[in-house]
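Spelled out, the chains give:
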Amino acid sequence: MNRRGGPLCPPVLRRREDRGVLPYKNKIDLWRMKGLSNAKKVVIALGGNALEDKSLPPTAESQLEVVRRTADYIAEISCRGYEIAIAHGNGPQVGRILLSSEAAKEVTPAMPFDVCGAMSQGYIGYHIQQGLKYALNKRNKNTPVVSLVTQVVVEKDDAAFKNPSKPIGPFYTEEQAKKIAEEKGFIMKEDAGRGWRRVVPSPMPRKIVELNSVKLLWDSTIVITVGGGGIPVIENQDGTLEGVAAVIDKDLAAERLAEDVGADILMILTEVEKISINFKKPNQQDLSHMTVAQAAQLIEEGHFAPGSMLPKVQAAVKFVRNNPDKIAIITSLYKAVDALEGTAGTVITFA
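Residues numbered from 1 in each chain as written. Predicted model: local features only at pLDDT ≥ 70, side-chain atom pairs only at ≥ 80, totals over all residues. Heavy atoms only, no water.

## Some words on the overall build of the protein
The number of helices and strands found in the protein is eleven helices and 17 strands. Put simply, of all contacts in the protein between residues at least 6 apart along the chain, 76% involve residues at least 24 apart. By element, 52% of the accessible surface of the protein is carried by carbon and sulfur atoms, the whole surface being about 16,400 Å². (Helix = DSSP H or I, 4+ residues; strand = E, 2+ residues; numbered from the N terminus. Contact = heavy atoms within 4.5 Å. Areas by Shrake-Rupley, 256 points an atom, 1.4 Å probe, with all protein chains shown as cover.)

In structure tokens form, the structure reads like this:
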């Protein structure tokens, strides 16, 4: 019996055995050695490709279509007996909400940045709720799915406020970016070879305000939380919370969540199956396993792009360093189930 919704549901996606993929014996042995064969609690951080398809227009309707596909993979993880919580990004979405608000400011007052972040949590969470609940129902699994508007405390003197680095909104050419910077005063930076985007401060997550609610719901419900990294707020001396204009990295927020709920696994889903060094070069090397020390060395050597793979590896390293008996996995959405079985992805362990 599953603690979330009765008997384990039958798988819909094709299992590893059906595809003739042999397990990586060394990785499975590693998991057993680490005592993770009974790991159950997983925090999943969804990447941008889990919410949007570059071949489709950036509309709400397109997002829902993509999320429905994503939900099948997440439902399969739940059906394998894992207890999960879901975090997600919001860079493109919050950027579009902000653009819409600014474009209509002559008709209705523009919304503050933190409010735009809260709005993005609502509509992305709504889509994930719809898609995941349907995917679970198809598998005869009656598990509630809820979105929690989540605030995350940051330090008001965080150095990130002096060095904006988090990309949001659509991609532009360099010429377009320069024009926007001149006209609106935005800070624009090149984003991992994909184009130019507006960047905003990305402070470190310090405390999840609604953490107790996540814990209370955990045993019965799949919770979608810290969406977009959480709504960044600072704590005032009188105890009030005040929203700030920033975007917390969703992978670092997911790491904070994973630690706080005692997760066994932090799973970060992105566009690639494995972490690579010398990415997109003739000597590219895909990595199935890294220790914390090895990952730290590769970070120091500059192998991972800021705003892309770097925060994912940093979040994975932080989680495992603080929890040496746990693991982190970085892989693609489409290989998530295989990665949990030890046959795909990059696994980060303490040693």
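## Some remarks on the packing of aromatic side chains
Applying the stated criterion across every chain, the model contains one aromatic pair. Between the aromatic rings of tyrosine 73 and tyrosine 334, the centroid separation amounts to 5.4 Å while the plane-to-plane angle is 80°, which identifies the pairing as edge-to-face. Placement of the pair is tyrosine 73 in helix 3 (residues 60-79) and tyrosine 334 in the loop between strand 16 (327-332) and helix 11 (336-340), with a sequence separation of 261 residues. Under the relative-accessibility criterion, tyrosine 73 is labelled partly exposed at 22%. A cation over an aromatic ring shows up here: lysine 41 above the ring of tryptophan 218, its NZ or CZ 4.9 Å from the ring centre. Sitting above the plane of the phenylalanine 171 ring, arginine 197 keeps its charged end 4.6 Å from the centroid. (Phe/Tyr/Trp six-rings, centres within 6.5 Å; stacked < 30°, edge-to-face > 60°. Buried < 20%, exposed > 50% of the residue type's maximum accessible area, 1.4 Å probe, protein only. Lys NZ or Arg CZ within 6 Å of the ring centre and 35° of its normal.)

## A few points about helix 4 (residues 91-103)
Look at helix 4: 18 Å from first C-alpha to last across 13 residues, which is about the 18 Å you get at 1.5 Å a residue. Those residues of helix 4 that fall on the buried side of the exposure criterion are Gly91, Gln93, Val94, Gly95, Ile97, Leu98 and Ser101. Residues of helix 4 that are buried make contact with helix 3, helix 5 (113-138), strand 5 (166-172) and strand 7 (196-200). (Expected span 1.5 Å × (residues − 1).)

## Let's talk about the pairing of strand 2 (residues 83-88)
Here strand 2 lies mainly inside the structure; six of its six residues are buried. Neither face of strand 2 is exposed, since Glu83, Ala85 and Ala87 on one face and Ile84, Ile86 and His88 on the opposite face are all buried. Direction of pairing for strand 2 relative to strand 9 (residues 222-224): parallel, over a ladder of two bridges. Bridging from a neighbouring strand, alanine 85 pairs with valine 223 of strand 9. (Pairing = 2+ DSSP bridges.)

## Some remarks on the sheet that holds strand 6 (residues 188-190)
Hydrogen bonds along the backbone pair up the strands of a sheet, which may run parallel or antiparallel. As summarised here, the arrangement of the three strands in space is 5-7-6, forming an open sheet in which the pairing is antiparallel. Looking at the sheet topology across the chains shown, the edges are occupied by strand 5 and strand 6. Strand-to-strand, the axes of this sheet are offset by a mean angle of 40°, without reference to chain direction. Here strand 6 runs beside strand 7; their pairing, made up of three bridges, is antiparallel. Directly across from glutamate 190, in strand 7, lies its bridge partner tryptophan 196. (Axes fitted to C-alpha atoms, helices over the stretch in contact; angles between N-to-C directions.)

## Description of the nonpolar core
Within the largest apolar cluster, 44 residues are counted, with the highest numbers of intra-cluster contacts made by Leu257, Ile275, Val313 and Ile348. If you tally residues by element for this core, the top one is helix 10 (residues 309-322), at eight residues. The residues touching valine 313, leaving out its near neighbours within four places in the chain, are Ile275, Met290, Ala295, Ile299, Phe304 and Ile330. If you look at the next biggest cluster of nonpolar residues, it comprises 32 residues, including Ile84, Ala135, Leu136 and Val145. (Core = buried A, V, L, I, M, F, W, Y, C linked by side-chain atoms within 4.5 Å.)

## Concerning the sheet that holds strand 3 (residues 145-147)
The mixed open sheet is built from eight strands, whose spatial order is 3-9-2-1-12-16-17-15. One side of each edge strand has no neighbouring strand; the edge strands of this open sheet are strand 3 and strand 15 (289-291). Between one strand axis and the next, the sheet turns by 20° as a mean value, whatever way the strands run. Helix 8 (residues 250-261) rests against strand 1 (41-46), strand 2 and strand 12 (265-270) of the sheet, and its axis sits at about 170° to strand 1.

## Structural notes on a nonpolar patch on the surface
A cluster of nonpolar residues, Met111, Val115 and Met119, forms a patch on the protein surface that exposes about 230 Å² of accessible area. Structurally, valine 115 is set in helix 5. (Patch = residues over 30% accessible without salt bridge, like charges linked within 9 Å, V, L, I, M, F, W, Y side chains within 5 Å. Salt bridge = Lys/Arg side-chain N within 4 Å of Asp/Glu carboxyl O.)

## Digging into empty space enclosed by the protein
To locate leftover empty space, one rolls a probe as large as a water molecule over the atoms. For the structure shown, the criterion picks out three cavities of 30 Å³ or more. Empty space within the largest cavity amounts to approximately 70 Å³. Together, 14 residues line the largest cavity, and Asn90, Gly117, Gly230, Pro232 and Ala246 are the ones closest to its centre. Broken down by secondary-structure element, the contributors of at least two residues to the lining of the largest cavity are helix 5 and strand 10 (231-235). Looking at the lining of the largest cavity element by element, the count peaks at five residues for helix 5. (1 Å grid on protein atoms, 1.4 Å probe; cavity = no way out; pocket = protein on both sides within 12 Å on 5 of 7 lines; lining within 4 Å. Points joined across faces, edges and corners; volume = space filled by probe spheres on them.)

## Remarks on helix 3
In an α-helix, one turn spans 3.6 residues; hence positions three or four apart end up facing the same way. With 20 residues, helix 3 should cover 28 Å at 1.5 Å per step; its first-to-last C-alpha distance of 28 Å lies within 8% of that length. Here helix 3 lies mainly inside the structure; 14 of its 20 residues are buried.

## Some thoughts on unusual backbone geometry
Of note, asparagine 278 is a non-glycine position whose phi angle comes to about 55°, a positive value. Along the polypeptide, asparagine 278 turns up in the loop between strand 13 (275-277) and strand 14 (285-287). For lysine 280, which is not glycine, the phi torsion reads 65° and is therefore positive. Along the chain, the position of lysine 280 falls in the loop between strand 13 and strand 14. Note on lysine 280: relative accessible area 70%, which makes it exposed.

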